[in-house]
Amino acid sequence: EGEGEESRDGATASPPSLWGRDRVGCGRRTASPTPVMSDPLAPTGLVPRDWRNVADQLRANAAVHPDKIALQSVDDGRSLSWGALAGWAGRIAHFLAARNVFANDRIAVLGGNSIEQLILYYAVQAYGATWCTVDVEVNERHLWEMLERIGPTLVLWETGLDPARLGVGRPGEWIGYGRHDDADA
């Protein structure tokens, strides 16, 4: 029995981990979701021909400036390089694929402003899914209504928040996340 799976006696094991390296790229995939990272607007002239999507720009920045700071937290002084950001985006892509998340599937993210939320932003966009951030400061009922309307395939929620207030277990699969650097320890 793995994380988040039900045992023979009906008990549920621990929930899956977003940052955990042991869960990324696991063999649960039943289909092969392929992120759609095309440029449908470029031929219309609405987007310049040299425009790059998030995945292409992230790969380019990581190749040219792997050690240059991409994300910097003013609050706690943590930072992340372009190379590390691209690495996390790749791991999260495998994580999403293992959960059969496809291009344009909606992923709701409930959390405060943090490096982790920015990592998720880049990763979800680069993967080709739709990023749906929800303000967790609104009242419970409004929060739940927004989630019902969004109808996410996956809800990523910051584990430091109150799960009962967020409505953990409502539509979609819910996976908590904490500090990404705690997973490296």
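Before any of the text, the structure's been laid out above.
A quick note: this is a predicted structure, and the numbers were derived from the prediction, not measured.

Attention now moves to the overall build of the protein chain. Broken down by element type, the protein chain carries five helices and six strands. The secondary structure elements of the protein chain, listed N-terminal to C-terminal, are α-β-β-α-β-α-β-α-β-α-β. Within the protein chain, residue pairs in contact and separated by at least 24 positions form 59% of the contacts whose partners lie at least 6 positions apart. When the accessible surface of the protein chain is summed, it comes to about 10100 Å², and 49% of that surface belongs to carbon and sulfur atoms.

Further remarks concern the packing of aromatic side chains. When we look at a pair of aromatic rings, we describe it by the centre distance and by the angle of the planes. According to the stated counting rule, one finds three aromatic pairs in the structure shown. Measuring from ring centre to ring centre gives 6.2 Å for Trp82 and Tyr122, while their planes differ by 90 degrees; the resulting arrangement is edge-to-face. Placement of the pair is Trp82 in helix α2 (residues 82-98) and Tyr122 in helix α3 (residues 115-127), with a sequence separation of 40 residues. Each ring, one from Tyr121 and one from Trp131, has its centre 5.3 Å from the other, and the planes form 90 degrees; the classification is edge-to-face. Placement of Tyr121 in helix α3 and of Trp131 in strand β4 (residues 130-133) is noted, with a sequence separation of 10 residues between them.

Here we take up the pattern of salt bridges. Enumeration over the complete set of coordinates arrives at six salt bridges. Here Asp76 makes a salt bridge to Arg78, at a shortest N to O gap of 2.9 Å. Assessed through its relative accessible area of 39%, Asp76 is described here as partly exposed. As a salt-bridge pair, Glu145 and Arg141 come within 3.7 Å of each other at their nearest N and O atoms. You can see Glu145 and its partner Arg141 sitting in helix α4 (residues 140-150), four residues apart, about one turn around the helix. Owing to a relative accessible area of 33%, Glu145 belongs among the partly exposed residues under this scheme. One network of salt bridges, with partners in common, ties together Asp76, Arg78, Glu116 and Arg179.

A few words on the nonpolar core. Leu96, Ile107, Ile119 and Leu156 are the most contacted members of the largest nonpolar core, which has 28 residues in total. Residue assignment for this core shows that the elements contributing at least two residues are α1 (54-64), α2, β3 (106-110), α3, β5 (154-158) and β6 (173-177). With eight residues, the single largest contributor to this core is α2. Among all residues touching Leu96, those that are not within four sequence positions of it are Val101, Ile107, Tyr127 and Leu154. Formed by 13 residues, the second largest nonpolar core is a distinct cluster that contains Ala108, Cys132, Val138 and Leu166.

Counting buried residues in β3 gives four out of five residues, a clear majority hidden from the surface. Note: β3 against β4, four bridges, orientation parallel. Residue pairing across strands places Val109 opposite Thr133, the latter belonging to β4. Regarding the hand of the β-α-β motif, the stretch spanning β3, α3 and β4 is right-handed. Summarising the sheet, β3 and β5 pair through four bridges and their orientation is parallel.

Calculation rules
- Residues numbered from 1 in each chain as written.
- Predicted model: local features only at pLDDT ≥ 70, side-chain atom pairs only at ≥ 80, totals over all residues.
- Heavy atoms only, no water.
- Helix = DSSP H or I, 4+ residues; strand = E, 2+ residues; numbered from the N terminus.
- Contact = heavy atoms within 4.5 Å.
- Areas by Shrake-Rupley, 256 points an atom, 1.4 Å probe, with all protein chains shown as cover.
- Phe/Tyr/Trp six-rings, centres within 6.5 Å; stacked < 30°, edge-to-face > 60°.
- Salt bridge = Lys/Arg side-chain N within 4 Å of Asp/Glu carboxyl O.
- Buried < 20%, exposed > 50% of the residue type's maximum accessible area, 1.4 Å probe, protein only.
- Core = buried A, V, L, I, M, F, W, Y, C linked by side-chain atoms within 4.5 Å.
- Pairing = 2+ DSSP bridges.
- Right-handed = clockwise from strand over helix to strand, strands pointing away.

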